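Spelled out from the first residue to the last, the chains are:
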Amino acid sequence: MTTTLAELQQRMEAAAEALDFEEARRLRDQINLLRGGAGSEQAALADTAGLTRQQPGAMGLGTSQQRMTPPAGWKPPRKPDPMTKGRNRR
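Let us look at the structure shown here.

Cut-off values and rules
Residues numbered from 1 in each chain as written. Predicted model: local features only at pLDDT ≥ 70, side-chain atom pairs only at ≥ 80, totals over all residues. Heavy atoms only, no water. Helix = DSSP H or I, 4+ residues; strand = E, 2+ residues; numbered from the N terminus. Buried < 20%, exposed > 50% of the residue type's maximum accessible area, 1.4 Å probe, protein only. Contact = heavy atoms within 4.5 Å. Areas by Shrake-Rupley, 256 points an atom, 1.4 Å probe, with all protein chains shown as cover. Salt bridge = Lys/Arg side-chain N within 4 Å of Asp/Glu carboxyl O. Core = buried A, V, L, I, M, F, W, Y, C linked by side-chain atoms within 4.5 Å. Expected span 1.5 Å × (residues − 1).

Looking now at the overall build of the chain. Regarding its fold elements, the chain presents three helices and zero strands. By residue count, 14% of the 90 residues in the chain fall in the buried class. Restricting the contact set of the chain to residue pairs at least 6 apart, pairs at least 24 apart contribute 26%. Within the structure as shown, the chain displays about 8300 Å² of accessible surface, and the carbon and sulfur contribution to it stands at 54%.

When charged atoms on two side chains of opposite charge get close, those side chains can pair. With the rule as written, the count across this model stands at five salt bridges. One salt bridge in this structure joins R11 and E7, with 4.0 Å as the shortest N-O distance. With R11 and E7 both in helix α1 (residues 2-17), this residue pair falls four residues apart, about one helical turn. Since its relative accessible area comes to 45%, E7 is described here as partly exposed. Measuring nitrogen to oxygen at the nearest pair gives 3.5 Å for the salt bridge that ties E22 to R25.

Here we come to the nonpolar core. One finds L5, L8, M12, A15, A24, L27, I31, L34 and A43 forming the largest nonpolar core, which totals nine residues. Those elements that provide at least two residues to this core are α1 and α2 (21-35). The residues contacting L27, other than those within four sequence positions of it, are L8, R11 and M12.

Backbone geometry places L19, a non-glycine residue, at a positive phi of 65°. Note on placement: L19 falls in the loop between α1 and α2. Exposure remark for L19: the relative accessible area of 61% places this residue in the exposed category.

In an α-helix, one turn spans 3.6 residues, which is why side chains three or four residues apart end up on the same side. An ideal rise of 1.5 Å per residue puts 21 Å on 15 residues; α2 measures up with 21 Å between its terminal C-alpha atoms. The first or second residue beyond α2 is G37, which carries a positive phi of 110°.

Before going further, it helps to examine the environment of D47. Looking at the secondary structure, you find D47 in the segment after α3 (40-45). Taking C-alpha positions, D47 is 9.4 Å from D29, a pair spaced 18 residues apart along the chain.

This is the structure:
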(Lines give C-alpha, C1' and ligand atoms only; values in the text may rest on other atoms or scores of the structure.)
Protein backbone atom coordinates (compact mmCIF):
# COMPACT_ATOMS: atom_id res chain seq x y z
CA MET A 1 0.00 0.00 0.00
CA THR A 2 2.86 2.43 0.69
CA THR A 3 4.17 2.00 -2.86
CA THR A 4 0.67 2.80 -4.10
CA LEU A 5 0.56 5.91 -1.92
CA ALA A 6 4.02 6.98 -3.05
CA GLU A 7 3.10 6.39 -6.70
CA LEU A 8 -0.15 8.35 -6.32
CA GLN A 9 1.76 11.16 -4.58
CA GLN A 10 4.21 11.39 -7.50
CA ARG A 11 1.37 11.33 -10.03
CA MET A 12 -0.44 14.07 -8.09
CA GLU A 13 2.67 16.28 -7.99
CA ALA A 14 3.28 15.70 -11.72
CA ALA A 15 -0.34 16.65 -12.49
CA ALA A 16 0.00 19.81 -10.40
CA GLU A 17 3.21 20.79 -12.19
CA ALA A 18 1.44 20.23 -15.53
CA LEU A 19 -1.36 22.53 -14.25
CA ASP A 20 -3.91 19.70 -14.43
CA PHE A 21 -5.51 20.61 -11.12
CA GLU A 22 -8.62 18.46 -11.58
CA GLU A 23 -6.48 15.32 -11.89
CA ALA A 24 -4.34 16.45 -8.93
CA ARG A 25 -7.51 16.98 -6.85
CA ARG A 26 -8.82 13.53 -7.79
CA LEU A 27 -5.50 11.91 -6.86
CA ARG A 28 -5.34 13.84 -3.58
CA ASP A 29 -8.81 12.65 -2.63
CA GLN A 30 -7.89 9.09 -3.59
CA ILE A 31 -4.78 9.27 -1.37
CA ASN A 32 -6.91 10.56 1.53
CA LEU A 33 -9.37 7.70 1.08
CA LEU A 34 -6.53 5.17 1.12
CA ARG A 35 -5.07 6.72 4.27
CA GLY A 36 -8.52 6.64 5.84
CA GLY A 37 -8.74 2.88 5.46
CA ALA A 38 -10.60 2.43 2.17
CA GLY A 39 -9.49 -0.38 -0.11
CA SER A 40 -7.57 0.47 -3.26
CA GLU A 41 -10.52 -0.56 -5.46
CA GLN A 42 -12.96 1.48 -3.38
CA ALA A 43 -10.68 4.52 -3.51
CA ALA A 44 -10.25 4.22 -7.29
CA LEU A 45 -14.01 3.95 -7.89
CA ALA A 46 -15.10 6.61 -5.37
CA ASP A 47 -16.72 9.73 -6.80
CA THR A 48 -15.30 12.63 -4.80
CA ALA A 49 -16.57 15.40 -7.08
CA GLY A 50 -19.29 16.48 -4.64
CA LEU A 51 -17.10 16.60 -1.54
CA THR A 52 -16.47 19.97 0.03
CA ARG A 53 -13.80 20.71 2.60
CA GLN A 54 -14.39 22.69 5.75
CA GLN A 55 -13.22 26.25 5.37
CA PRO A 56 -10.89 27.65 8.02
CA GLY A 57 -12.82 29.49 10.71
CA ALA A 58 -16.17 27.95 9.75
CA MET A 59 -16.53 26.52 13.26
CA GLY A 60 -14.93 29.43 15.09
CA LEU A 61 -11.61 31.20 15.00
CA GLY A 62 -9.15 28.36 14.44
CA THR A 63 -11.05 25.92 16.64
CA SER A 64 -13.48 23.07 16.24
CA GLN A 65 -15.98 24.77 18.53
CA GLN A 66 -19.28 25.90 17.06
CA ARG A 67 -20.11 29.57 16.95
CA MET A 68 -22.94 30.17 19.36
CA THR A 69 -25.87 32.27 18.18
CA PRO A 70 -28.30 33.74 20.68
CA PRO A 71 -31.96 32.69 20.47
CA ALA A 72 -34.42 34.90 18.61
CA GLY A 73 -35.54 37.88 20.67
CA TRP A 74 -32.60 37.72 23.10
CA LYS A 75 -31.28 41.09 24.25
CA PRO A 76 -28.04 41.58 26.15
CA PRO A 77 -28.50 42.64 29.80
CA ARG A 78 -28.17 46.27 30.70
CA LYS A 79 -24.78 47.42 31.83
CA PRO A 80 -24.60 48.51 35.48
CA ASP A 81 -24.46 52.20 36.23
CA PRO A 82 -20.86 53.06 37.21
CA MET A 83 -22.06 55.80 39.56
CA THR A 84 -23.92 53.35 41.79
CA LYS A 85 -21.42 50.50 41.82
CA GLY A 86 -20.42 49.49 45.33
CA ARG A 87 -22.76 51.96 47.07
CA ASN A 88 -25.32 51.14 49.69
CA ARG A 89 -28.91 51.89 48.82
CA ARG A 90 -29.95 53.02 52.29
